[in-house]
Each structure stands twice: as structure tokens, then as C-alpha cells.
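Listed here are the chains, written in short residue letters.
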Amino acid sequence: MPTISIKGKNMPESPIRKLVPYAENAKKRGIEVFHLNIGQPDIKTPDIALEAIKNNTIKVLAYSRSEGSEEYRQKLANYYIKHNINVNADEIIITTGGSEALLFAMGSVCDPGDEIIIPEPFYANYNGFSTASGVTIVPVISKIEENFALPPIEEFEKLISSKTKAILICNPGNPTGYLYSKEEIQKLATIVKKHDLFLIADEVYREFVYDNVQHQSVLSDFGLENNAIIIDSVSKRYSMCGARIGCLVSKNKEVISTALKFAQARLSPPTFAQIASEAALETPQSYFDEVIIEYKARRDLLISELSKIDGIKVASPKGAFYCVVELPVDNADKFAQWLLEDFNLNNQTVMVAPAAGFYSTKGFGTKQIRIAYVLKKEDLITSVKILKAAILKYNKN
Ligand SMILES: Cc1ncc(COP(=O)(O)O)c(C=O)c1O
């Protein structure tokens with residue numbers, strides 16, 4: 001019998017997708033499932049992006065350049081400059097989603113056995129990307145009680161070893177919604193420069209910042225030209241998850257020339273989706289203004305409704321569209337499955353993402369879930385009602 005690789009066996013299941021069969025079964029039984037589990041926004045993709053595909057007259061759907069189309073990268077550089085990120089087209093590699101940019105970044109800076117320090121909880125797929133790259137994640141713990149603020153810098157320094165190659169942050173954070181302050185990025189800048197590390201910043205939620213606070217990019221004014229790598233994506237910005245377009249940005253020439261070799265090995269990013277993404281750059285500011293107002297209203301509503309449930313702890317997100325909630329249940333994994341298999345309120349239930357998969361430390365987050373507030377306000381109210389009734393019933397069982 002041929003055997004599967006150890007790496008393959010160690011690949012983690014997605015904590016977000018593993019409950020899908022239970023949700024499908026619930027739907028077959030006639031139960032309506034509210035999806036709070038996945039970051040698929042219900043916001044409309046800008047017309048301008050969709051029209052660019054519909055109106056296209058391409059006769060041959062050819063490969064593009066491995067680093068992405070010249071026109072798109074030029075326009076993208078202008079987008080970054082508007083966001084105080086001073087880069088040019090040669091410092092950008094277009095990827096198949098932010099996911100591929102993460103793989104290219106890890107592949108470019110780490111050898112198997114190397115370590116990356118990541119504030120925990122973190123985007124669950126970092127576990128998968130690091131397993132695929134043979135990289136060890138060294139978590140630095142952030143706590144729900146402290147609203148997932150960046151742990152003191154000394155905590156990072158304690159974890160740096162001869163194998164450490166990078167610190168990876170997600171800003172604003174998935175799943176925490178945490179937004180790093182200028183001072184925090186400054187502190188990280190000092191530490192990566194002192195120890196000659198890379199600072200990889202996953203900024204795919206850059207636009208989703210509330211309360212009039214400004215997003216701080218690692219490539220803004222922190223003197224990180226040699227150290228910083230930005231991971232970016234159109235998935236959330238323009239509600240274009242299915243386009244599968246992202247990018248890796250760095251002013252470090254060696255990082256770009258190395259990432260380009262990974263890009264060449266997979267030939268090119270998708271051609272049609274680059275056309276849509278290029279057009280999406282023309283999306284008017286009013287689109288974002290409306291989207292931000294909507295998400296902020298959803299966040300405020302969700303947090304206030306959740307806070308009414310006895311025994312719940314919830315961190316207040318400052319960005320992105322997620323929050324981590326600690327529930328008064330024995331095990332959030334079991335509870336999430338039970339919600340789909342054994343519970344409904346008026347023929348409706350909710351699907352949530354158990355948060356243990358957002359930690360690499362075993363035993364952490366076992367009572368926590370991540371909620372994505374990607375549903376309209378009425379559905380969020382209904383969802384929290386369902387959650388409240390479910391917690392009561394579950395704890396009586
Ligand atoms: C923090 C973060 N980074 C990266 C990604 C990957 O996104 P994509 O590959 O769709 O660009 C996601 C998707 O949810 C995410 O939440």
C-alpha cells in the first residue's frame with residue numbers, strides 16, 4: 001500500500017470548513033442555517049469589476065506574466081501610494097489570493113525547521129501554510145481579557161531563537177479584530193531590526209477599520225524597507241473572494257526576486273480575475289464609506305446583543321469583521337457540532353467557527369468561537385437569539 005507523507009498527515013483540517021457536512025445535513029432536514037462561521041461577505045462586488053469581465057473581448061485566455069500584469073501592478077502601486085505605502089510596480093507580485101502570497105512569503109524567508117513568531121489566536125490557515133512550508137509557528141499569547149492587545153515586547157524577545165526568521169502579524173486581525181497602534185508597529189519595527197528578522201504583515205482587512213482610527217501599514221513610515229513584507233488581497237476589500245487575486249509587496253529586492261521564482265513555478269495568476277481586480281481599483285470611495293458604515297453598525301449591534309448573554313466574554317473588535325467570543329460551555333467544538341446536529345429554534349440554527357483551530361497551543365481557545373459579522377443586521381439579531389437559547393439548552397442536557 002503506498003503511504004501518505006507525514007507532512008500530509010500533519011496538515012490541519014480547516015476549523016472553519018470541517019463542520020460543513022453537518023450544516024449540509026441540517027439544511028437537508030429543512031433547517032435554515034445562519035453562517036457566522038466564514039468570512040464570505042454578503043456585500044455586493046463593485047459593478048465596475050464585474051462589468052470589466054462581461055465587456056471583455058479577449059480571444060485567447062493566455063497566461064499573464066508570473067509577477068502579474070504590468071498594467072495592474074502599476075495601478076496597484078498608485079493605490080498603495082494613496083495609502084501612504086510608497087512602492088512601485090516592481091515591488092509587487094500578484095498572487096492567487098493572499099493565501100498564495102503567504103506561501104510565497106514563508107517559502108522565501110524560511111527553510112524547513114525555521115520558526116515564525118505569531119500573536120495567537122491567529123488566522124487558522126497560518127497553521128496549514130506553515131505545515132506545508134515545514135515552518136514551526138511559535139505563538140505569543142494575546143488574551144481575550146485584554147481585548148487581544150499585542151503582548152509586551154519582552155514576550156516576543158523571549159521567544160526569539162537562532163531559528164526565528166520572522167514575526168507575522170495580521171492587522172486588523174482575523175479572528176480578533178485587533179488593530180495595531182502606531183506605537184505597537186514601532187515596537188515591532190525596533191525588534192525586527194535589532195534581530196534581523198522579517199516582519200510579515202497580513203493587511204487584507206486594511207480598509208475595514210472603525211471608530212475613525214487610521215490603519216498603520218508596516219511599509220508606511222517605520223523604516224522597514226529591508227524587513228517588511230505585506231500580504232494583501234482583493235477578496236475582502238471588494239467582496240471578491242472568488243476572484244482569487246492577492247499580492248505580496250516588499251521593498252526588499254531579494255525577497256521580490258525570490259518570491260518571483262515561486263511565482264514562475266506556478267506560471268501566472270488568473271488572467272480574468274486580474275482584469276476584474278484592475279477595474280476594481282476604480283471603485284469610488286463612496287462604496288467603502290457605505291461598507292464601513294454597515295460593518296460598524298453590525299459590529300456594534302452584535303457586541304451589544306452578545307453582551308446580554310450570561311457568562312459570555314467578548315472582545316471588542318476595532319477592525320476586520322470578526323470577533324472572538326468565550327462561551328459558558330464545556331467545549332466549543334462539541335457545541336458547534338451540536339448546534340447543527342441536535343438543535344434548532346423555530347427551524348433555524350447557526351454555524352460558528354470553534355476557535356481552538358485559531359491557536360497552535362494545545363488546549364487554548366477550547367471554549368471560544370469566532371463569529372464573522374458578514375450577515376445583515378436582522379439575521380445577526382436572530383443568530384444571537386438562537387445562540388442564547390442554544391447555550392441554555394446545551395447546558396441543561
Ligand atoms: C487574515 C487573512 N489572510 C489571508 C486570507 C486569504 O484570503 P484570500 O486567499 O482569499 O486572498 C484570509 C481569508 O479569509 C484572511 O482572513
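Now for a description of the structure that goes with this document. (Residues numbered from 1 in each chain as written. Predicted model: local features only at pLDDT ≥ 70, side-chain atom pairs only at ≥ 80, totals over all residues. Heavy atoms only, no water.)

Side note on the sheet that holds strand β9 (residues 313-314)
On the basis of which strands lie adjacent, the open sheet formed by four strands has the order β9-β10-β13-β12 and antiparallel pairing. Of all the strands in the sheet, the pair left with one neighbour each is β9 and β12 (353-354). Two strands pair when backbone bridges link them, and β9 and strand β10 (residues 322-326) are joined in this way by two bridges, in the antiparallel orientation. Bridging across to β10, Val314 finds its partner in Val325. (Pairing = 2+ DSSP bridges. Helix = DSSP H or I, 4+ residues; strand = E, 2+ residues; numbered from the N terminus.)

Quick word on the site of the ligand
Around the ligand sit 13 residues in total, of which Gly98, Ser99, Asp202, Tyr205 and Ser233 are the nearest. A distance of 2.6 Å separates a nitrogen atom of the ligand from a polar atom in the side chain of Asp202. One nitrogen or oxygen atom from the side chain of Tyr205 is found 2.7 Å from an oxygen atom belonging to the ligand. Burial of the ligand by the surrounding chains reaches 93%, relative to a free accessible area of 390 Å². Here the element with the most residues in the shell around the ligand is helix α5 (residues 97-109); it accounts for three residues. In the shell around the ligand, the residues fall into four nonpolar, six polar and three charged. (Near = heavy atom within 4 Å. Polar contact = N/O pair within 3.5 Å; in protein donor to acceptor, adjacent residues only side chain to side chain. Areas by Shrake-Rupley, 256 points an atom, 1.4 Å probe, with all protein chains shown as cover. Nonpolar A, V, L, I, M, F, W, Y, C, P; charged D, E, K, R; others polar.)

Here we look at the layout of surface pockets
One number sums up the size of the largest pocket: a volume of about 780 Å³. As for the largest pocket, its lining consists of 32 residues, of which Lys82, His83, Arg206, Glu207 and Gln285 are closest to the centre. Of all elements in the fold, only α4 (70-82) and α11 (285-307) reach the threshold of two or more residues within the lining of the largest pocket. Taken together, the residues of the lining of the largest pocket sort by class into eleven nonpolar, eleven polar and ten charged. (1 Å grid on protein atoms, 1.4 Å probe; cavity = no way out; pocket = protein on both sides within 12 Å on 5 of 7 lines; lining within 4 Å. Points joined across faces, edges and corners; volume = space filled by probe spheres on them.)

Digging into a nonpolar patch on the surface
On the surface, a nonpolar cluster with roughly 310 Å² of combined accessible area is contributed by Ile53, Ile58, Leu61 and Phe272. When you line up the elements, Phe272 lands in helix α10 (residues 271-280). (Patch = residues over 30% accessible without salt bridge, like charges linked within 9 Å, V, L, I, M, F, W, Y side chains within 5 Å. Salt bridge = Lys/Arg side-chain N within 4 Å of Asp/Glu carboxyl O.)

A short note on the packing of α5 against helix α6 (residues 125-133)
Close contact between α5 and α6 brings their axes to 10 Å; oriented N to C, the two are set at 40°. Our classification of the angle between α5 and α6 gives oblique. Note on packing geometry: the crossing formed by α5 with α6 is right-handed. Packed against α5, whose contacting residues are Ser99, Leu102, Leu103 and Met106, the element α6 presents Tyr126, Phe129, Ser130, Ala132 and Ser133 at the interface. In terms of residue class, the contact of α5 with α6 is made up of six nonpolar, three polar and no charged. (Axes fitted to C-alpha atoms, helices over the stretch in contact; angles between N-to-C directions. Parallel < 35°, antiparallel > 145°, perpendicular 65-115°, else oblique. Left-handed = near helix turned anticlockwise from the far one by under 90°. Contact = heavy atoms within 4.5 Å.)

Here we look at empty space enclosed by the protein
Scanning the entire structure with this criterion turns up two cavities of 30 Å³ or more. Space inside the largest cavity adds up to approximately 130 Å³. Contributing to the lining of the largest cavity are 17 residues, with Pro119, Pro121, Cys170, Thr176 and Tyr180 lying nearest its centre. Elements that contribute at least two residues to the lining of the largest cavity include exactly β3 (115-120) and β5 (164-170). Counting residues per element, the lining of the largest cavity draws most heavily on β5, at three residues.

Comments concerning the sheet that holds strand β8 (residues 246-249)
Ordered in space as β2-β8-β7-β6-β5-β3-β4, the seven strands form an open sheet in which the pairing is mixed. For this open sheet the edge positions go to β2 (92-95) and β4 (136-141), each flanked by a neighbour on one side alone. Ignoring strand direction, the axes of neighbouring strands in this sheet form an average angle of 25°. Strands β5 and β6 (198-202) of the sheet are contacted by helix α8 (residues 182-194), whose axis makes an angle of about 170° with β5.

Let's talk about the side chain of Glu326
Mapped onto the elements, Glu326 comes out in strand β10. Here Gln368 takes part through its side chain, which lies 2.8 Å from a polar atom of the side chain of Glu326.

Digging into the packing of aromatic side chains
Scanning the entire structure with this criterion turns up 20 aromatic pairs. Taken together, a centroid distance of 5.3 Å and an interplanar angle of 80° make the contact between Phe208 and Phe321 edge-to-face. Of the two residues, Phe208 sits in the loop between β6 and β7 (228-233) while Phe321 sits in the loop between β9 and β10, which places them 113 residues apart along the sequence. Assigned by exposure class, Phe208 and Phe321 land together as buried. An angle of 70° between the planes, with centres 6.4 Å apart, marks the rings of Tyr295 and Tyr373 as edge-to-face. One end of the pair, Tyr295, is in helix α11; the other, Tyr373, is in the loop between β13 (368-372) and α13 (377-396), and 78 residues separate them in sequence. The pair formed by Tyr295 and Tyr373 is uniform in burial state, with each residue classed as buried. (Phe/Tyr/Trp six-rings, centres within 6.5 Å; stacked < 30°, edge-to-face > 60°. Buried < 20%, exposed > 50% of the residue type's maximum accessible area, 1.4 Å probe, protein only.)

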